[in-house]
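Okay, here's what each chain looks like letter by letter:
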Amino acid sequence: SVVIGTFKYKCLERSYSIFKILRQRSDDLKLYIIGEKENIPHSIRKDNSVVALGVMYSNQQKVYDYLKKAKYFITTSLIENSSVASLEGLLLSEESYVSDIPPHRELLDGCNYERFKNTDGNMDILHINRKDALLNVKTQSWDQVITKMLNKSTEFSLIKSE
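Because the structure is a prediction, the values reported are computed rather than measured. (Residues numbered from 1 in each chain as written. Predicted model: local features only at pLDDT ≥ 70, side-chain atom pairs only at ≥ 80, totals over all residues. Heavy atoms only, no water.)

1. Side note on the overall build of the chain
Regarding its fold elements, the chain presents 7 helices and 7 strands. Mapped in sequence order, the helices and strands of the chain form the string β-α-β-α-β-α-β-α-β-α-β-β-α-α. Residues counted as buried form 41% of the 162 residues belonging to the chain. Summarising the internal contacts of the chain: among those between residues at least 6 apart in sequence, 58% fall at separations of at least 24. Entry remark: accessible area of the chain is about 9,700 Å², with carbon and sulfur atoms responsible for 52%. (Helix = DSSP H or I, 4+ residues; strand = E, 2+ residues; numbered from the N terminus. Buried < 20%, exposed > 50% of the residue type's maximum accessible area, 1.4 Å probe, protein only. Contact = heavy atoms within 4.5 Å. Areas by Shrake-Rupley, 256 points an atom, 1.4 Å probe, with all protein chains shown as cover.)

Structure (C-alpha cells):
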C-alpha cells in the first residue's frame, strides 16, 4: 500500500485506518508513506508494517515505481488542488481507495467504483480497481480546465450583474 503526502489535510490517520482493514486480508501487507517523516503521527510510525520513505521531490520515477508495485493506493485527503497525484495512484496501483471529495468524484465520473465506509465514519471512501480506471478515467487538458473555469466565471458575472 502507498500513501503520498503527509500534510495535515491528507488525514493520515484515516488512510492508516483503511490500511489496517486491508491488512486483515493479508498479514504481510506494508504501508509505504511518501512525504515528510516528521509529519507522520508517532502512533502510525511505531507500527512495524509502516515504512516512512521520506520526501522524493527529485525522484518522481521512484514514486511511480512504488505505485506500480502497490496492491493499494490510499488517499483520504480533505482537499486537492490538483488531481494528478490521485490520477497517478489510480492508474498505477492495482486498487485505489480515495476520499469522496469533488476533485476525486470528477476524476472518477463514468467509472465503476464502490463506496467504502471508513471505520471512523467521518468520510466516505471510493474504491476502484486499476482496470476500470484505465478504461474510464476522464482526464482534462489544462486548456479544458481553464476554459471551464472561464465559463463558470462568466456565468457568475452574469448572475451577479442581474
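2. As for the packing of aromatic side chains
With the rule as written, the count across this model stands at 5 aromatic pairs. Judged by centre distance (6.5 Å) and plane angle (10°), the rings of Phe-7 and Tyr-9 are stacked. Between the aromatic rings of Tyr-32 and Tyr-66, the centroid separation amounts to 5.5 Å while the plane-to-plane angle is 45°, which identifies the pairing as tilted. Of the two residues, Tyr-32 sits in strand 2 (residues 31-34) while Tyr-66 sits in helix 3 (residues 60-69), which places them 34 residues apart along the sequence. Residue classification places Tyr-32 among the partly exposed positions, given a relative accessible area of 26%. When its relative accessible area of 24% is taken as the criterion, Tyr-66 is described as partly exposed. Here the aromatic cluster, defined as three or more aromatic residues joined through ring pairs, consists of Tyr-72, Tyr-97 and Phe-116. (Phe/Tyr/Trp six-rings, centres within 6.5 Å; stacked < 30°, edge-to-face > 60°.)

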